[in-house]
Amino acid sequence: MHVSPEPITTREEAAQEREKLLDFFARGFHCTIAHGALGDGGEPSEEALTKAKAIADDYLAAYEEWLVGLAARTAEKD
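Summarised in this report is the structure supplied together with it. (Residues numbered from 1 in each chain as written. Predicted model: local features only at pLDDT ≥ 70, side-chain atom pairs only at ≥ 80, totals over all residues. Heavy atoms only, no water.)

Describing the packing of aromatic side chains
Aromatic ring pairs are described here by two measures, namely the spacing of the ring centres and the angle between the planes. Using the criterion set out here, one finds 2 aromatic pairs in the structure. Between Phe24 and Phe25, the aromatic rings sit 6.1 Å apart at their centres with planes inclined by 50 degrees, giving tilted as the arrangement. Ring centres 5.9 Å apart and planes at 25 degrees place the aromatic pair Tyr63 and Trp66 in the stacked group. Of the two residues, Tyr63 and Trp66 are both situated in helix H2 (residues 46-77); the distance of 3 residues between them amounts to about one turn of the helix. Among the residues examined, Trp66 registers a relative accessible area of 45% and is labelled partly exposed. (Phe/Tyr/Trp six-rings, centres within 6.5 Å; stacked < 30°, edge-to-face > 60°. Helix = DSSP H or I, 4+ residues; strand = E, 2+ residues; numbered from the N terminus. Buried < 20%, exposed > 50% of the residue type's maximum accessible area, 1.4 Å probe, protein only.)

Shown next, in the form of structure tokens:
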């Protein structure tokens, strides 16, 4: 299935999308740890999500930095 998302045109929309990504990543980190190490398959607690979001935020910030660098390098070539 192909999904074409609506373009992000405001900072508010970008912030909402970033929060959605952080939540998604945090839940993924929690599930990976809980299922792999602990064998727990339950819903993550707010504390667990908060800790996982901090890790996800680091990953997302690094990705955003890479994207900005990529865009700058691409613009230099044009």
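Topic: the pattern of salt bridges
The full count for this structure, using the stated rule, is 6 salt bridges. Residues Arg18 and Asp57 are paired through a salt bridge, measuring 2.7 Å at the closest nitrogen-oxygen approach. With a gap of 39 residues between them, Arg18 in helix H1 (residues 11-38) and Asp57 in helix H2 connect regions that are remote in the sequence. Among the residues examined, Arg18 registers a relative accessible area of 22% and is labelled partly exposed. With relative accessibility at 29%, the residue Asp57 sits in the partly exposed group. Close ionic contact of Glu47 with Lys51 constitutes a salt bridge, the shortest N to O distance being 3.2 Å. (Salt bridge = Lys/Arg side-chain N within 4 Å of Asp/Glu carboxyl O.)

Here we look at the environment of Ala26
Structurally, Ala26 can be placed in helix H1. Relative accessible area serves as the criterion here: at 0%, Ala26 is assigned to the buried category. In the structure, Ala26 is positioned 27 residues away from Lys53 in sequence and 4.9 Å away in space, judged by C-alpha atoms. With near-sequence residues (within four places) excluded, Ala26 lies in contact with Leu49, Ala52, Lys53 and Ala56. (Contact = heavy atoms within 4.5 Å.)

Keep in mind these numbers describe shape, not what the thing actually does.
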